[in-house]
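Single-letter residue listing:
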Amino acid sequence: MTTRSEREKAQKLNEQHQVILSKMLREEENKYCADCEAKGPRWASWNLGVFMCIRCAGIHRNLGVHIARVKSVNLDQWTPEQIQSMVDMGNRRARQLYEAHLPESFRRPQTDQAMEVFIRDKYERKKYYDKDAPATAPVASSQTVI
Ligand SMILES: [Zn+2]
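Each chain has its residues counted from 1, running along the sequence as written. At least 70 in pLDDT is required for a residue's local features to be given in this predicted model, at least 80 for side-chain atom pairs to be given and counted, and no such filter applies to totals for whole chains, interfaces and linings, which use all residues. Processing note: side-chain calculations cover all non-hydrogen atoms of the structure and skip hydrogens and water entirely.

A. Geometry of the sheet that holds strand S2 (residues 50-52). If DSSP finds at least two bridges between two strands, the strands pair. Secondary structure follows DSSP: runs of H or I at least 4 residues long count as helices, runs of E at least 2 residues long count as strands, and numbering of each begins at the N terminus. On the basis of which strands lie adjacent, the open sheet formed by three strands has the order S2-S1-S3 and antiparallel pairing. The open sheet is flanked by S2 and strand S3 (70-72), the only strands paired with a single partner. Each adjacent strand pair in this sheet contributes to an overall mean axis angle of 30 degrees, direction not counted. Note: strand S1 (residues 43-45) against S3, three bridges, orientation antiparallel. Axes here refer to lines fitted to C-alpha atoms; in helices the fit is confined to the stretch in contact. Angles between the N-to-C directions go from 0 to 180 degrees.

Structure representation (structure tokens):
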């Protein structure tokens, strides 16, 4: 059983999280899908810390929860840990990590099938990953917002 004040607390936390997420989505690098660069992403893989479009969210879901944990920015409830993970990473840092070795001539795939191959290469096989980055990235802890 939850009390009224507990419910109010949960609701307030949820509102706070929505404020943080919508603020993040207004940042230039988060205005586009981390994978296909579609405008206005409304989904996220919170363990990877990236915002993405609904199509790529579907592909991330196919990867399995050991790779990507997908959430809707607006429709799902977030925990403080999940929010923190997004704050610590975000699309810009994720790009530096996961696309460090992406060839300059690389063109983002258009079809769903090619997109899935790219996303698997990127996150599952870590084909373009910056291997020199510290494994346990002590990421921007100064940015703690919660
Ligand atoms: Zn996308």
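Okay, back to it.
B. The environment of Leu-97, seen in detail. Within the fold, Leu-97 resides in helix H4 (residues 90-98). Accessibility expressed as a relative area gives 8% for Leu-97, which makes it buried. Leu-97 has contacts with Met-89, Tyr-128, Tyr-129, Asp-130 and Ala-133, leaving out every residue within four places of it along the chain. Under the scheme applied here, a residue whose accessible area is under 20% of the maximum for its type counts as buried, over 50% as exposed, and between as partly exposed, the area being computed with a 1.4 Å probe on protein chains only. Contacts are assigned to residue pairs that have any heavy atoms within 4.5 Å of one another.

C. How the structure looks around unusual backbone geometry. Phi at Glu-37 takes a positive value of approximately 70 degrees, unusual for a residue other than glycine. As for its position among the elements, Glu-37 is in the loop between helix H1 (4-25) and S1. Positive phi is not limited to glycine here, since Lys-126 has a value of about 50 degrees. The partly exposed category is assigned to Lys-126, whose relative accessible area is 36%.

D. The arrangement of the packing of aromatic side chains in detail. Any two rings among Phe, Tyr and Trp, with Trp reduced to its six-membered ring, count as a pair given centres within 6.5 Å; such a pair is stacked if its planes are under 30 degrees apart, edge-to-face if over 60, and tilted if neither. Under the defined criterion, the tally for this structure stands at five aromatic pairs. Considering the side-chain rings of Tyr-98 and Tyr-123, the 5.0 Å spacing of their centres and the 55 degrees angle between planes classify their relative orientation as tilted. In this pair, Tyr-98 is assigned in helix H4 and Tyr-123 in helix H5 (residues 112-124), connecting sequence segments 25 residues apart. Tyr-123 carries the same exposure label as Tyr-98, and that label is buried. An aromatic cluster is defined as three or more aromatic residues linked by ring pairs; in this entry it consists of Tyr-98, Tyr-123 and Tyr-129.

E. Quick peek at the packing of helix H2 (residues 54-63) against H5. Contact geometry for H2 and H5: axes closest at 10 Å, N-to-C directions at 55 degrees. Between H2 and H5, the angle is such that the two are oblique. Considering the relative orientation of H2 and H5, their crossing is right-handed. Along the contact surface, H2 presents Arg-55, Cys-56, Ile-59, His-60, Asn-62 and Leu-63, while H5 presents Asp-112, Met-115, Glu-116, Ile-119, Arg-120, Tyr-123 and Glu-124. Classifying every residue of the contact of H2 with H5 gives six nonpolar, two polar and five charged. The cut-offs work like this: below 35 degrees is roughly parallel, past 145 is roughly antiparallel, 65 to 115 is roughly perpendicular, and the gaps in between are oblique. In this scheme the handedness of a crossing depends on how the near helix is turned from the far one: anticlockwise by less than a right angle means left-handed, clockwise means right-handed. Each residue receives one of three labels: charged for Asp, Glu, Lys and Arg, nonpolar for Ala, Val, Leu, Ile, Met, Phe, Trp, Tyr, Cys and Pro, and polar for the others, Gly being one of them.

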